[in-house]
Amino acid sequence: SKHGRERSKYYNKGFEHDDRTMVPHESTRRVSFKNHGRRNKHNRQRGWDSKIRALLQDDDVEMNSNSRSNERYNNGNISRNQRRGFHQRLDRPGGRRFLSESPSFWYKVTIRYGGRYEKDYLLKLLGNYIKPVPFIPIGYKVSNHDATFTIEDHAAAEELLNADKRITVNDGFKINIQVRSFNPLVEIGTKITEIMTKVMSSRYNPYTKALDLSKFHLDPNFLSENVFCPLNKENVMLAVIGIIHESIPDLVALDLSNNKLISLNCMKSMTEKVANLKILHIGQNKIRDIKQLDALKGLNLEELVVDGNSMCDKFTSKDEYIRAVRQRFPKVIKLDYVELPPPILFDVEDEDCKLPPSQASFMCDAERGASVVRAFLEQYYQIYDSDSRDALIQAYHDNAQFSLDCYLLPGQHSSTCSSYLSDSRNLFRIPSIERRMKLLKVGKNKIVDTLKSLPRTQHDPTSFVVDLVLFTPVLIELNVCGLFKEKDKVDSAMKYFNRLFVIVPVGSGFCIVNEMLTIMLATPEQVKKVAKLKEVAAATAVIPAGPTTSTAVALPVEPDLATKHQMVATLSLKSGMNLVWSEKCLTETNWNFDQALSAFLQLQKAGSIPAEAFQK
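Residues numbered from 1 in each chain as written. Predicted model: local features only at pLDDT ≥ 70, side-chain atom pairs only at ≥ 80, totals over all residues. Heavy atoms only, no water.

The name that an unreviewed UniProt entry assigns to the chain is Putative mrna export factor tap/mex67, with the source organism given as Triatoma infestans. In its Subcellular location (unreviewed entry) section, UniProt records this for the chain: "Nucleus, Nucleoplasm". According to the UniProt record, the Sequence similarities (unreviewed entry) comment for the chain reads "Belongs to the NXF family." (UniProt positions renumbered as here; feature names shortened; annotations may be inferred.)

In structure tokens form, the structure reads like this:
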């Protein structure tokens, strides 16, 4: 027909933009207003009448007052836009429509009767109109004469919305464009699975064992087949992880950037199915909360990229950001392309390899240092817990230094440690340098005077934990901690102490050149631990009274080295014997404390213990 020939003529001329409207006849034009349909007839007519009168009088009129055609665009948002100051009128030349950002970050574009035109011609026309905004249509389809496709860019979607009825095609008609938010539904069938496998195969590097799935939905293999396959859909992500598990289980590096990922919960299975993964890029996505990374905690990642997600903006400092990431991935040494300091952790790959058990006490040189430490602690605390501490002046160097520190845990009242707070040199509580220097005791006379001013005490040797950190011919560093009570207070709470001694040999003995004493209230856990140690120290073989059907006798379990040291110190204090004879007594009774003490009392009563056993 003539009309068909005219349309084909436009196609043959090319795809120039044509602003002309179609004029069917050259006859004189007539103005006619017709009401199509009976619904809302009077309201619609009354609305148009008011607009015409205002137009003839050059008055400004709100064109959407009663117009049904504009209600679908406003959709109840007129009041909100007016509050924001968006008062442009869509019927005026400068008016614009504003499109809210889609929660799914996808937009569906419908071209009414777009099926009449060739795909390439129509898409090129739209792309040229919204330049320079990027225009990438995905999944182009024609259904019931309408052309539909999906786009991901919000700016492009808004430009297309404002291009409605402003683009003239080659047959003189203006294009009707509809844009709306879109939450795509993707069915993973055999065809899509084959295409996904092909896409992943083309993006895999077997030499580096790296898989690049950035902008997965924009792969040419998907676009050429008009397949829309966004990776932020849970079933698509699960399918991808399944393909990796079956085809490349030894994958080391994976790039998932620029895929509009919102949630990572569907990626939990990666901790088992992609266990060898070391490098993961998930930058430039839509992840809002750092807690989303918890789904991937089981991965031993060494390199991670999350830059470009809104969650990164929630941290006030770089250090806080790094700590949050390393709480989830302790082995990360490269974050957002920046090298990090090596992490401090125990990297034990062999399951059979275990850390040695902790010890109550530590001796760096037990063979030579144990006897020296025993003798020193025995003499020091016998004097310190006595009624007079004057003899301690012989234990300190002439230029020795002493520092006392007392602190309270939250909720503890200062009255419980009032005797120590006045001389406390806690650096967090004493900001003044002058005050700090005044509280530092220098010289043995000042040190002993300070010790004499402290409450009389009774230390519990079974609670002692001793660490001999350094033992050389010229210097000894010794740390001892434990529990004690104040003698002058009947209801005194158990207190905890930590004492650090720096000792040097002088003549035939030793002198303290530096001491730091820390005092605080003992915690319930510390008290319970000491009570348990006492039970071990007092453990004996229990023989049931009366007849028994078994002739076996339960033998005591020999305690460890630290417990032996505590038992020797306790027996020495109770018996008055020196450490050597106390240890000998315990050894002869198979480290049965009660039997050793009983044997000592019997021998002492019989006068069978030599005088050298009491020489300190």
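Trainee: Let's hear about the sheet that holds strand β3 (residues 146–151): which residues, and what values?
Mentor: Pairing is antiparallel across the open sheet formed by 4 strands, whose spatial order is β2-β3-β1-β4. Each end of this open sheet is capped by a strand with a single partner; those strands are β2 (138–143) and β4 (177–181). Between one strand and the next, the sheet's axes are offset by a mean angle of 20°, whatever the strand orientation. Both strand β1 (residues 107–111) and β3 contribute to a ladder of 5 bridges, which runs antiparallel. (Pairing = 2+ DSSP bridges. Helix = DSSP H or I, 4+ residues; strand = E, 2+ residues; numbered from the N terminus. Axes fitted to C-alpha atoms, helices over the stretch in contact; angles between N-to-C directions.)

Trainee: Please set out the packing of aromatic side chains residue by residue, giving values where relevant.
Mentor: Counted according to the given criterion, the structure contains 17 aromatic pairs. Taken together, a centroid distance of 6.3 Å and an interplanar angle of 15° make the contact between Y140 and F149 stacked. Overall, the relative accessible area of 8% leaves Y140 in the buried class. Among the residues examined, F149 registers a relative accessible area of 1% and is labelled buried. What links up through ring pairs into an aromatic cluster is the set F376, Y380, Y381, Y384, F464, F484, F497 and F501. Above the ring of W106, the side-chain terminus of K260 is found at 5.9 Å from the ring centroid. For the cation-ring pair, K584 lies above W581, with the distance from its terminal atom to the ring centre recorded as 4.5 Å. (Phe/Tyr/Trp six-rings, centres within 6.5 Å; stacked < 30°, edge-to-face > 60°. Buried < 20%, exposed > 50% of the residue type's maximum accessible area, 1.4 Å probe, protein only. Lys NZ or Arg CZ within 6 Å of the ring centre and 35° of its normal.)

Trainee: Could you give an account of the pattern of salt bridges, with specific residues and numbers?
Mentor: Oppositely charged side chains can pair when the atoms bearing their charge come close. Applying the stated criterion to the full structure yields 16 salt bridges. Measuring nitrogen to oxygen at the nearest pair gives 3.4 Å for the salt bridge that ties E159 to R96. Here E159, found in helix α6 (residues 154–162), pairs with R96, found in the loop between α4 (78–84) and β1; they are 63 residues apart in sequence, far enough to count as distant. With a relative accessible area of 25%, E159 lands in the partly exposed category. Several salt bridges converge on common partners, so that one network encompasses R96, E158 and E159. (Salt bridge = Lys/Arg side-chain N within 4 Å of Asp/Glu carboxyl O.)

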